[in-house]
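Residue-level listing of the chains:
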Amino acid sequence: MLNWGIIGAGRISRKFAAGLRESQECRLAAVASRDPMRAEAIAAELGAPVAHSSYAALLADPQVQAVYIALPNSMHAEWAIHAATAGKHVLCEKPLAATAADAEAMFTAARSNQVWLMEAFMYRFHPRTIALQELIRSGAVGAIQFIRAGFSFSLDRPGDVRWNPDLAGGALYDAGCYPLNLARALIGETPQRAWATARWSQSGVDETLAATVEYPNGAIAQITCSFRASFQQQVQIVGNDGVIEIDQCFTMHPDQPTHIRLWRGNHFAQLERIEIAPTNHYRLEAEGFAQLIQAGHGTSGLPEMPLIETLDNLATIEALLKSARTNQTVML
């Protein structure tokens, strides 16, 4: 049984805690907030037996073996490094850090202290995502030519941390990182060249961004994200011998089945509709991380979320933001 501590009290922490409650391999041991009354309230809500009034106190708790970090993006590196130094394994919300350099420092701290650090892209553990990757590997649509993927929603809370540039806010860091992550996983190569255009909020973060990312094998990914558009999560993978489409690819409901639409062949192909049974991907993520810990440092990470992809994606995010601000193509 792996004992978890949660740092950060946002909506996604509640979803992760719900996943832990379903698990026979993991349990929530403690939560932390810098406000003692808030810590007690969060512990009561999430069912944690212990509430700590500081993040440092949670990291000093001998009952906590792994930490789930769901703080604002700009705080990920600091507290992941503190956690690793305290000997805790770290599952850190996406994006892992604000920069690839910060991520490298986080991985260095984890290696130095013989603990695991992984970026928390929960959708990567869902059976539909795994089935999608297997379809691509098996050649169901041939060689990928291009991917269109987008994630948008209306963020209408002016004080939300995602509007704050000092906290590494913006649509690309928060929403666009998902389709970017999926494209990298399916194409299977480090991006080569990136270009983007954006609309900027009054606070200075990107509120809408559209990007083109090119890969050495010739595949192209077109990524869109926005805090101003209607909710949508749509993915289309076009190969030279077929097409795959998926709706709500990243935030699936754990109590509802999901689907993959597949057309095999390159001319008037017949639609195949693949249904995937409901499951809680937050539970699968936590249990996958627990298995990684048990495997020890002789491995190179989980196949569901390879470590190299985290560094590639952060470098691509930085390149896209630079491109959007300079109106120039950026080589990676």
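In this report, we go over the structure that sits alongside the text. (Residues numbered from 1 in each chain as written. Predicted model: local features only at pLDDT ≥ 70, side-chain atom pairs only at ≥ 80, totals over all residues. Heavy atoms only, no water.)

**Some points on the overall build of the protein chain**
Here is step 1 of the chain: In terms of regular secondary structure, the protein chain is built from 9 helices and 15 strands.
Here is step 2 of the chain: Against the compact-globule benchmark of 20 Å for 332 residues, the protein chain has a radius of gyration of 20 Å, which places it among compact chains.
Here is step 3 of the chain: Burial statistics for the protein chain: of 332 residues in total, 54% are counted as buried.
Here is step 4 of the chain: Carbon together with sulfur atoms contributes 50% to the accessible area of the protein chain, which is approximately 14,000 Å² in total.
Here is step 5 of the chain: Here the protein chain contributes 26 positive and 32 negative side-chain charges, whose respective centroids are spaced 3 Å apart. (Helix = DSSP H or I, 4+ residues; strand = E, 2+ residues; numbered from the N terminus. Rg over C-alpha atoms; globule rule 2.2 N^0.38 Å. Buried < 20%, exposed > 50% of the residue type's maximum accessible area, 1.4 Å probe, protein only. Areas by Shrake-Rupley, 256 points an atom, 1.4 Å probe, with all protein chains shown as cover. Lys, Arg positive; Asp, Glu negative; His and termini not counted. Charge placed at Lys NZ, Arg CZ, Asp CG, Glu CD.)

**Re the nonpolar core**
Here is step 1 of the chain: Residues Trp4, Phe16, Leu132, Leu209, Ile237, Ile244 and Phe289 are the most contacted members of the largest nonpolar core, which totals 86 residues.
Here is step 2 of the chain: If you tally residues by element for this core, the top one is helix H7 (residues 171-187), at 11 residues.
Here is step 3 of the chain: Setting aside anything within four residues of it in sequence, one finds Ile244 in contact with Leu132, Leu135, Ile136, Val141, Val235, Gln236, Ile237, Ile260, Arg261 and Leu262.
Here is step 4 of the chain: The next biggest cluster of nonpolar side chains, apart from the first, holds 31 residues, and it includes Ile7, Leu58, Trp79 and Ala84. (Core = buried A, V, L, I, M, F, W, Y, C linked by side-chain atoms within 4.5 Å. Contact = heavy atoms within 4.5 Å.)

**What about the layout of surface pockets?**
Here is step 1 of the chain: A volume near 1,200 Å³ is recorded for the largest pocket.
Here is step 2 of the chain: As for the largest pocket, its lining consists of 47 residues, and the residues nearest its centre are Gly10, Arg11, Ile12, Arg162 and Asp174.
Here is step 3 of the chain: For the lining of the largest pocket, the secondary-structure elements that each account for two or more residues are helix H1 (11-21), helix H2 (36-46), H7 and helix H8 (281-295).
Here is step 4 of the chain: Among the elements that take part in the lining of the largest pocket, H1 stands out by supplying 4 residues, more than any other.
Here is step 5 of the chain: Among the residues forming the lining of the largest pocket, the class breakdown is 22 nonpolar, 13 polar and 12 charged.
Here is step 6 of the chain: Around the second largest pocket sit Arg128, Asp247, Gln248, Met252, His253, Gln256, Pro257, Thr258, His259, Arg261 and Arg273, which together line it.
Here is step 7 of the chain: In terms of residue count, strand S13 (residues 258-264) provides more of the lining of the second largest pocket than any other element does, 3 residues in total.
Here is step 8 of the chain: Residue classes in the lining of the second largest pocket are distributed as 2 nonpolar, 5 polar and 4 charged. (1 Å grid on protein atoms, 1.4 Å probe; cavity = no way out; pocket = protein on both sides within 12 Å on 5 of 7 lines; lining within 4 Å. Points joined across faces, edges and corners; volume = space filled by probe spheres on them. Nonpolar A, V, L, I, M, F, W, Y, C, P; charged D, E, K, R; others polar.)

**Looking at the sheet that holds strand S15 (residues 330-331)**
Here is step 1 of the chain: The 9 strands lie next to each other as S14-S13-S12-S11-S7-S10-S9-S8-S15, forming an open sheet whose pairing is mixed. Looking at the sheet topology across the chains shown, the edges are occupied by strand S14 (271-276) and S15.
Here is step 2 of the chain: In this structure, strand S8 (residues 193-200) lies alongside strand S9 (residues 206-214), joined through 8 bridges in antiparallel fashion. Residue pairing for S9: Ala196 is matched across the bridge by Ala211.
Here is step 3 of the chain: The strands that helix H9 (residues 307-326) touches are S8, S9 and S15; relative to S8, the one it contacts most, it runs at about 60°. (Pairing = 2+ DSSP bridges. Axes fitted to C-alpha atoms, helices over the stretch in contact; angles between N-to-C directions.)

**Digging into the pattern of salt bridges**
Here is step 1 of the chain: Evaluated as defined, the whole model comprises 14 salt bridges.
Here is step 2 of the chain: For Asp160, the salt bridge is made with Arg157, and the minimal N-O distance between the two is 2.9 Å.
Here is step 3 of the chain: Residue classification places Asp160 among the buried residues on the basis of a relative accessible area of 12%.
Here is step 4 of the chain: Taking relative accessible area as the criterion, Arg157 reaches 39% and is therefore assigned partly exposed.
Here is step 5 of the chain: Of the charged contacts, one joins Asp247 and Arg261 as a salt bridge, the two residues approaching to 2.9 Å between their closest N and O atoms. Of this pair, Asp247 sits in strand S12 (residues 242-247) while Arg261 sits in strand S13, and the two are 14 residues apart along the sequence.
Here is step 6 of the chain: Each member of the salt-bridge network shares a partner with another, and the members are Lys94, Arg157, Asp160, Arg162 and Asp174. (Salt bridge = Lys/Arg side-chain N within 4 Å of Asp/Glu carboxyl O.)

**Re the environment of Ile147**
Here is step 1 of the chain: Examined against the element boundaries, Ile147 turns out to sit in strand S7 (residues 144-152).
Here is step 2 of the chain: Ile147 sits 88 residues away from Val235 along the chain, and the two C-alpha atoms are 7.3 Å apart.
Here is step 3 of the chain: Other than its neighbours up to four places away in sequence, Ile147 contacts Ala183, Leu186, Ile187, Ile220, Ala221, Gln222, Gln236 and Ile237.

**Some details on the side chain of Ser23**
Here is step 1 of the chain: Within the element layout of this structure, Ser23 appears in the loop between H1 and strand S2 (26-32).
Here is step 2 of the chain: Ser23 gets classed as buried once you look at its relative accessible area, which sits at 8%.
Here is step 3 of the chain: A distance of 2.9 Å separates the side chain of Ser23 from the backbone nitrogen of Glu25, its partner in a polar contact.
Here is step 4 of the chain: When residues no more than four places from it in sequence are discounted, the contact partners of Ser23 are Arg283 and Glu287. (Polar contact = N/O pair within 3.5 Å; in protein donor to acceptor, adjacent residues only side chain to side chain.)

**Re unusual backbone geometry**
Here is step 1 of the chain: A cis amide bond, omega -20°, links Lys94 with the succeeding residue Pro95.
Here is step 2 of the chain: Position of Pro95 among the secondary structure elements: in the loop between strand S5 (89-93) and helix H5 (100-112).
Here is step 3 of the chain: Of note, Ala168 is a non-glycine position whose phi angle comes to about 60°, a positive value.
Here is step 4 of the chain: For Ala168, the position within the fold is in the loop between S7 and H7.
Here is step 5 of the chain: Although it is not a glycine, Phe268 sits at a positive phi angle of roughly 50°.
Here is step 6 of the chain: With respect to the secondary-structure elements, Phe268 resides in the loop between S13 and S14.

In short, the description is geometric, and any link to function would need to be established separately.
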